[in-house]
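These are the residues of each chain, in order.
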2 protein chains.
Amino acid sequence: MRKLNLSQVSQYLDKEVELFGWIDVRRDHGKLIFLDLRDRSGKVQLVVAPSDKETHAIASGLRPEWVIKITGIVASRPEGMVNLKEGMSGKIEVKVSKIEVLSEAKTPPFALDSDGREIDEEIRLKYRYLDLRRARLQKNLILRSEFLKHIRDFLYNKDFLEIETPMLTKSTPEGSRDFVVPSRLHSGKFYALPQSPQQYKQLLMVAGFERYFQIARAMRDEDTRADRGLEHTQIDLEMSFVEQKDVMSLVEEMVIFASEKIGQKIMQKPFPIFTYDEAMEKFKADKFDLRADKDSKELAFAWVVDFPVFSAEGGSASGGEKALTYSHNPFTAPKADHVENLLLGKNLELLTSLQYDLVCNGHEVGGGGIRINKPEVLEKVFEILGHSKEEIREKFGHMLDAFEYGAPPHGGIALGLDRLIMMFQGEEALREVVAFPLTGDGRDPMMDSPSTLTKKQLEELHIKVEEK
Amino acid sequence: MRKLNLSQVSQYLDKEVELFGWIDVRRDHGKLIFLDLRDRSGKVQLVVAPSDKETHAIASGLRPEWVIKITGIVASRPEGMVNLKEGMSGKIEVKVSKIEVLSEAKTPPFALDSDGREIDEEIRLKYRYLDLRRARLQKNLILRSEFLKHIRDFLYNKDFLEIETPMLTKSTPEGSRDFVVPSRLHSGKFYALPQSPQQYKQLLMVAGFERYFQIARAMRDEDTRADRGLEHTQIDLEMSFVEQKDVMSLVEEMVIFASEKIGQKIMQKPFPIFTYDEAMEKFKADKFDLRADKDSKELAFAWVVDFPVFSAEGGSASGGEKALTYSHNPFTAPKADHVENLLLGKNLELLTSLQYDLVCNGHEVGGGGIRINKPEVLEKVFEILGHSKEEIREKFGHMLDAFEYGAPPHGGIALGLDRLIMMFQGEEALREVVAFPLTGDGRDPMMDSPSTLTKKQLEELHIKVEEK
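This one's a predicted model, so the numbers in the text were calculated from it and none came from an experiment. Here the residue numbering is sequential within each chain, running from 1 through the sequence in written order. As they are written, the chains are lettered A onward and the ligands numbered 1 onward, keeping that order. Given that the model is predicted, a residue must reach a pLDDT of at least 70 before its local features are reported, and side-chain atom pairs must reach 80 or more before they are shown or counted; all residues, however, enter totals for whole chains, interfaces and linings. The basis for every side-chain value is the complete set of heavy atoms in the structure, and neither hydrogens nor water enter the calculation.

1. Description of the overall build of chain A
- Helix and strand labels come from DSSP, where a helix needs a run of H or I of at least four residues and a strand needs a run of E of at least two; each type is numbered from the N terminus. Of the regular secondary structure elements, chain A holds twelve helices and 18 strands.
- The principal-axis extent of the C-alpha atoms belonging to chain A is close to 95 × 60 × 40 Å.
- With a 1.4 Å probe rolled over the protein chains alone, any residue whose accessible area is under 20% of its type maximum counts as buried; one over 50% counts as exposed, and the rest are partly exposed. Residues classed as buried in chain A amount to 59% of the 468 residues present.
- By definition, residues are in contact when any of their heavy atoms lie within 4.5 Å. For chain A, the share of sequence-separated contacts (at least 6 apart) that also reach a separation of at least 24 residues comes to 65%.
- Each accessible area is a Shrake-Rupley estimate made with a 1.4 Å probe; only the visible protein chains count as cover when residues are assessed. Just so you have it, chain A exposes about 19400 Å², and 49% of that area is on carbon and sulfur atoms.

Rendered as structure tokens:
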């Protein structure tokens, strides 16, 4: 028999029901004992009368967070006793005839009925299985699951295939710092965890899949911030035979569809589009908040386009005084009429790319572009970035090769899921929207990781820990 | 404008269309040039007449795997020229007026119109972006995506939440060998990649989520086989307030629903159930093939239940001559009326567990159980397995703690996705159903991983490579 959700109990007026859940609150009025029973869906008030001595005795011993199963009759609450608190089935109560204790509970180390923000991160994460019981976190994770469902429904409906790309991949010194995994079978060698499925999704376009998506895990060994952890999830997609406007319009439709399905309000549709120059002039930044009232719960999405291909700042290029770096992603194509100058190495600072960023309420929530699909163009970009031919061959030879075998025009985007959910829920930190986050310095106080390895493990992996 | 799928072109009879795709075959009949154009959805025959000299000249230069865009009129094929080959829109052809070459292609290093099994693994994986163009692999990955869509639809419909669990987790010497990730911030310490989300999903039940699922990536550093890679994907779910029969019936309903949605035929419904003893007596194994004809394309699912909790073989227990190991998973509960003997340490070899395995066509495709939710029972199991109190506290203290705070009865299962897809498609190797697999010895010949790290990377991670 399927467990009845407590939010549905009011549909069983005057019927006998079996209910399961956690004791949220117990109020002992001497004779009558009132219990608020809680599950994922909501709460119901239970009433235990003194007439049934055995059940009344059990009820007297119950404490918050105990898990119970009860049998009882659903009744209307007496006039004047209707409770309109959020989540409570306030018009009914259940007159209990039988109680079974399924699991007792010690007193939790912190209150579960507060919003939890006042509690120390360390202790919240150590007892994360209790912290996650609070209504706010339950709601955030439920909403996250629902949002992803709508994203997937939308993309399947548009003929996208979900294709998984590997977790054990190759370390490249481009981009952020890799997490690496020592190989047991290949002494002295390492895999890297993916920073994004960028190259794989482009290779899937070369392979002819045309429309790919993945809710992909990405990991970077960089210092964390409230809104950036060591791992994050991205809504990652790529399409073939498209131009910039095709991807932007599909992504916009998807974001509107899934956000509105979960009750979000979008300030302006279609999303306004700013060129990079306009954004820098108007907002002094390429991410900005269009809301007049920053406390408004609306979502102010906007696109930013026409980014420069190269910028003089940044640290990714090697050697040379006038070293250039890419503004976004070395795989993003320059505008078609700028390709000639790129290949000639002319006016490089003036080249504009087919990059598009999605901005919302002051944050960048996504970045994408039409990609380079010609080997000579990709090679030239890496040359300008200061790499030797040999280096380019070694690091990106497979991409150059792939583009020799019939690479369709293609482009895509990656949206940061964690940040989107934070924005939807008005949260300030990742730990409010991720089930099991690490602390700011990358520890899990619950499982006590990272941890030391045994001598045998280190030997099998052909590594030694450096003495301090 | 949305690209037209080639499988839909026949709906545009006598209309002008713009088409995109790869040249599959070119047949030059001197005057008329025939081109088979291919995309993910199918193929269409293009006809280029000599009258338009410019277009005819372009068509003469086209080669297989070039990417083109064409404009033309959809026409019925002449009587007698209808082509019934699979995937070909055989009743129509397109009379081409304009061709644009989007991307040229070198001759691929191997044939793409064979099924590919005859080609060396190394070369197939080096040019995986070409290997994936073959019809068989396209079909396998499309089916994989569709199957997962139906699995998710089913589970969302049953009120399951999809919740992501971490990739950077804790190394425990239980189970298989972990892949580990050195920590930069915590010198000498390591994360482990998850072998399964087992503990996290149980903690989500303690946290009150009641119905969890995840299409989860799991990694084990164990020697590979044709059907077992270093990473694999599992359909992972867990439910609260359930008994064994509840989980089994939900999983059976899900597997039937999603398999039949993608056109699979199931031999027997409901799935037959064998006890472990029955299976060992009848088949001499706990996985078996019920099909009379092993070449039949049917799926013969069956359940195996009533496994022993402990077995005398295996190598997981430490010390002692009569060391016991768990048959499946140390978190699986004994049957309710066997708990007393467990706690007393009596007749341990005779205890039966609430484990259930799903078997199909001779393979184990899933394993699950009702879990222990009492700290004293879990502690006793680990004691019997030979662990000291201190070890148990250190490794599993968080689970014991969690069970002190109101842990609902719960159970679940993990199904091996890769193996299921192999079975559906009659494939013998993982590389036929995974987009970017590693070689048998854990290398990616395309990206050339694993690879060496720079001195700076090793220093930042506080590790040294052991000299040989």
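2. Topic: the pattern of salt bridges
Residues and elements named next belong to chain B.
- Any carboxyl oxygen of Asp or Glu within 4 Å of a side-chain nitrogen of Lys or Arg constitutes a salt bridge here. All told, the structure shown has 105 salt bridges over all chains when counted by the stated rule.
- K69 is the salt-bridge partner of E18, the closest N and O atoms lying 3.8 Å from each other. In this pair, E18 sits in strand β1 (residues 16-29) while K69 sits in strand β4 (residues 67-76), placing the two residues 51 residues apart along the sequence.
- For E18, a relative accessible area of 32% translates into the label partly exposed.
- Accessibility expressed as a relative area gives 23% for K69, which makes it partly exposed.
- In this structure, E93 and K95 form a salt bridge, with 3.5 Å as the shortest nitrogen-oxygen distance.
- With a relative accessible area of 43%, K95 lands in the partly exposed category.

3. A closer look at the relation of the copies chain A and chain B
- We place the copies in one frame by least squares, fitting the C-alpha atoms of every residue whose pLDDT is at least 70 in both. Superposing chain A onto chain B requires a rotation of 180° together with a translation of 0.0 Å along the rotation axis, leaving an RMSD of 0.1 Å. What the rotation and shift describe, once combined, is the action of a two-fold rotation axis.
- By residue overlap, the copies meet face to face through one surface: 100% of the interface positions of chain A are interface positions in chain B.

4. A word on the sheet that holds strand β15 (residues 355-360) of chain B
All names here are of chain B.
- Strands sit in the order β6-β9-β10-β17-β16-β15-β12-β11 across an open sheet of eight strands; the sheet is mixed. The open sheet has two edge strands, β6 (161-162) and β11 (273-275), and neither has a second partner.
- Of the strand pairs in this sheet, β11 and strand β12 (residues 301-305) are connected by three bridges, and their pairing is parallel. Looking at β12, one finds that I273 is bridged to W303.
- Along the sheet, helix α7 (residues 276-283) makes contact with β11 and β12, crossing β11 at roughly 90°.
- A fitted line through C-alpha atoms represents every axis, and for helices the fit uses only the stretch in contact; the resulting angles, taken between N-to-C directions, go from 0 to 180 degrees. Most of the contacts of helix α11 (residues 417-425) go to strand β17 (residues 410-416), to which it runs at about 50°, and overall it touches β10 (231-240), β12, β15, β16 (363-370) and β17. At least two DSSP bridges between two strands are needed for those strands to be called paired.

5. Details of the packing of aromatic side chains
- Two rings from Phe, Tyr or Trp (for Trp, the six-membered ring) form a pair when their centres sit within 6.5 Å of each other. Planes less than 30 degrees apart are called stacked, planes more than 60 degrees apart edge-to-face, and all others tilted. All told, the structure shown has 40 aromatic pairs over all chains when counted by the stated rule.
- Between A:Y129 and B:Y405, the aromatic rings sit 6.5 Å apart at their centres with planes inclined by 40°, giving tilted as the arrangement. Of this pair, A:Y129 sits in helix α3 (residues 128-131) while B:Y405 sits in the loop between α10 (389-402) and β17, which puts the two residues in different chains. Taken individually, A:Y129 and B:Y405 each receive the classification buried, so the pair is uniform in this respect.
- Measuring from centroid to centroid gives 6.4 Å for B:F110 and B:Y127, while their planes differ by 85°, and the two rings are edge-to-face. With B:F110 in the loop between β5 (88-103) and α2 (121-126) and B:Y127 in the loop between α2 and α3 (128-131), the pair connects residues that are 17 residues apart, well separated along the chain. For the pair shown, B:F110 and B:Y127 are each scored as buried.

6. Looking at the side chain of B:R217
- For B:R217, the location among the structural elements is in strand β9 (residues 211-219).
- For B:R217, a relative accessible area of 15% puts it in the buried group.
- Polar contacts here mean pairs of N or O atoms no more than 3.5 Å apart (in protein, one a potential hydrogen donor and the other a potential acceptor; neighbouring residues in sequence count only if both atoms are side-chain atoms). In this structure the side chain of B:R217 is engaged in a polar contact, spanning 2.8 Å, whose partner is the backbone oxygen of A:T165.
- Each residue touching B:R217, except ones within four places of it in the same chain, is listed here: A:E164, A:T165, A:P166, A:M167, A:Q214, B:P194, B:E231, B:H232 and B:T233.

7. Side note on helix α5 (residues 198-206) of chain B
- Among the nine residues of α5(B), nine are classified as buried, and the element is accordingly described as predominantly covered.
- In this fold, the buried residues of α5(B) make contact with β1 (16-29) and α3 of chain A together with β9, β10, α10 and β17 of chain B.
- Looking at the residues trailing α5(B), positive phi occurs at B:G208, about 95°.

8. Regarding the pairing of strand β3 (residues 42-48) of chain B
All names here are of chain B.
- Within β3, six of the seven residues are buried, which leaves the element mostly enclosed by the surrounding structure.
- Pairing between strand β2 (residues 32-39) and β3: seven bridges, direction antiparallel. For L37, the partnering residue across the bridge sits in β3 and is V44.
- Connecting β2 to the antiparallel partner β3 that follows it, the hairpin turn spans two residues.

9. So, the packing of helix α9 (residues 375-384) of chain A against helix α10 (residues 389-402) of chain A
Residues and elements named next belong to chain A.
- Taken N-terminus to C-terminus, the directions of α9 and α10 make an angle of 145°; their axes are 11 Å apart at the nearest point. Once α9 is placed against α10, the crossing between them reads as right-handed. Residues P375, L378, E379, F382 and E383 of α9 lie in contact with α10, whose contacting residues are K389, I392, F396, M399 and L400.
- Classification convention: Asp, Glu, Lys, Arg as charged; Ala, Val, Leu, Ile, Met, Phe, Trp, Tyr, Cys, Pro as nonpolar; all other residues, Gly among them, as polar. When grouped by side-chain class, the residues that make up the contact of α9 with α10 number seven nonpolar, no polar and three charged. Each crossing gets its handedness from the near helix: less than a right angle anticlockwise from the far helix is left-handed, clockwise is right-handed.

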